[in-house]
Amino acid sequence: MAFENQYVQQRIEKADRLRELGIDPYSNESERNSTIAKFIYVNSDIAQLEDRRDEKRHYIVAGRIKLFRLMGKASFLKIEDESGLLQVYVTRDHLPEGFYNNIFKKNIEVGDIIEVGGFPFVTNKGELSLHVSELKLLTKAISPLPEKFHGITDKETRYRQRYLDLIMNAEVRKTFRIRSKVISLTRRFFEDKGFLEVETPMMHPIAGGANAKPFVTHHNALSVDRFLRIAPELYLKRLIVGGFEAVFEINRNFRNEGMDTTHNPEFTSIEFYWAYKTYKDLITLTKEYFEYLFEHLELPTLLPYGDLEVNFGNFSEIPLIESLTEIGGVPKEVTNDKEKILAYLSERGHTVNASLNLGQLQGELFDEFVEAKLIDPTFITHYPVEISPLARRSNTQSELTERFELFIAGREIANAFSELNDPVDQLQRFEGQMQNKESGGDDEAHEMDEDFVNALSYGMAPTAGQGIGMDRLVMLLTNEHSIRDVLLFPAMRPLSQENTKQEENE
């Protein structure tokens, strides 16, 4: 702790001085009877009163001091609670004798949390304020806040000290309130649709449910390794086998992979599974979900995202292979030929593992030439079997699956498919994934899960399932361009490593 800082030391001395005066600088009691927002709302009529004050009204509010203007016998403060910012007027003559000069002026400062009581009035400049008749220190802040007008501009500091970021930036608090509301609305939407919220394990014996590198931990009592959940899919589908017909889980997932503006090693998604439905039903449901969110969040259909404008009233669909040509500009004769794809990518400076199969290479083409162009909500459908190990094959094109991914503003937001419920086909898919892994073609291939295959052998009703990345969704709705800006506590490199890295760069 940096308590050696001279400014921190000065504040610690003030806290000690208050104790000597019989004042607890860390009180455990508050008599607050109004939030700031409520005070402002119920006293909106004060400006219309003859003397623009009402001494018969009495309110007690509390908050952190954000601004302090000392003016001899009187002072103006701005205090802030979660609901808003309020000006309070403190005078020597309205406080107990000696309190203003000996306690308030000498020991109270910006950053402290105080409780003030008094009556509402409107200043000559027309600002609704609280005229203070009683003041109590609730919490002494020993670390000074950043300078008000510049706040915290350094991203690293904001992410590492999110508490300080939240103190200084009202817009950041707004973003996380929206995030919380999105999660709440999502839960309500699916419950209203008849889905049952469930909880599945976060430590798995097999890393399954998605193609990703897992985090590994060790269970001492069982003396076995466990994998932090990369997806809840296989457990949720076990519940469909068991007889539930509509389930969802808002879950934390963990993937031991790189970090960038859209990836964090732990992230939030919702996965839901719906018996007797297909991926086409999920396209309809997804559109309804977005309409529901936009209505309850009171968002416009045309939503800005950086330099883009996304039209959420313009959903479209296109099969993946067709999108390569129609959107990506890849010649049609290239899209279904492995050697031609390799040559096409090589000619354009893209290094690709030649051991990838056709479906994986088609996925590479999509990533390079299509994804970034999908601005308005677009359902990309019919993915190759090779990159869809858990999806049902198309009845008309056996090399493709009944799957879609939803892309908005050039980013994947959702992944869904009609579920594979043929246990023999599923076993063969797993075996194919293992062969890819052993050959070195795909180190993120899906592991064999014999128990899941066994579950399918008892019969799973025709089912559709989907996952939606909640972090990326919130990024879209709040016009944020880094996942770190919608995670309260994003993963960060330890400071010791960061300092070493900076020294090496110098």
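Structure: see above.
Analysis parameters
Residues numbered from 1 in each chain as written. Predicted model: local features only at pLDDT ≥ 70, side-chain atom pairs only at ≥ 80, totals over all residues. Heavy atoms only, no water. Pairing = 2+ DSSP bridges. Helix = DSSP H or I, 4+ residues; strand = E, 2+ residues; numbered from the N terminus. Axes fitted to C-alpha atoms, helices over the stretch in contact; angles between N-to-C directions. Buried < 20%, exposed > 50% of the residue type's maximum accessible area, 1.4 Å probe, protein only. Phe/Tyr/Trp six-rings, centres within 6.5 Å; stacked < 30°, edge-to-face > 60°. Lys NZ or Arg CZ within 6 Å of the ring centre and 35° of its normal.

**Brief notes about the sheet that holds strand 1 (residues 59-71)**
At step 1: On the basis of which strands lie adjacent, the closed barrel formed by five strands has the order 1-2-3-5-4 and mixed pairing. Direction aside, neighbouring strands of the sheet carry axes that sit 55° apart on average.
At step 2: The pairing of strand 4 (residues 113-122) with strand 5 (residues 128-139) spans ten bridges and is antiparallel. Note that in strand 5 the partner of I114 across the bridge is L137.

**Examining helix 14 (residues 470-478)**
At step 1: The element helix 14 is extensively covered by neighbouring structure, given that nine of its nine residues are classed as buried.
At step 2: Of the residues flanking the end of helix 14, it is N479, one or two places downstream, whose phi is positive at about 60°.

**With respect to the packing of aromatic side chains**
At step 1: Applying the stated criterion across every chain, the model contains 22 aromatic pairs.
At step 2: Both rings, one in F190 and one in F195, keep their centres 5.3 Å apart while their planes meet at 90°; by these two values the pair is edge-to-face.
At step 3: Between F294 and F312, the ring centres sit 4.6 Å apart and the planes meet at 45°, which makes this aromatic pair tilted. A residue pair is termed long-range when its members are at least 10 positions apart, and F294 in helix 8 (residues 279-297) and F312 in the loop between strand 13 (308-311) and strand 14 (316-319) qualify at 18 residues.
At step 4: The class for F294 is buried, based on a relative accessible area of 9%.
At step 5: Residue classification places F312 among the buried residues on the basis of a relative accessible area of 9%.
At step 6: Above the face of the Y344 ring, R348 is positioned so that its terminal group lies 3.6 Å from the ring centre.

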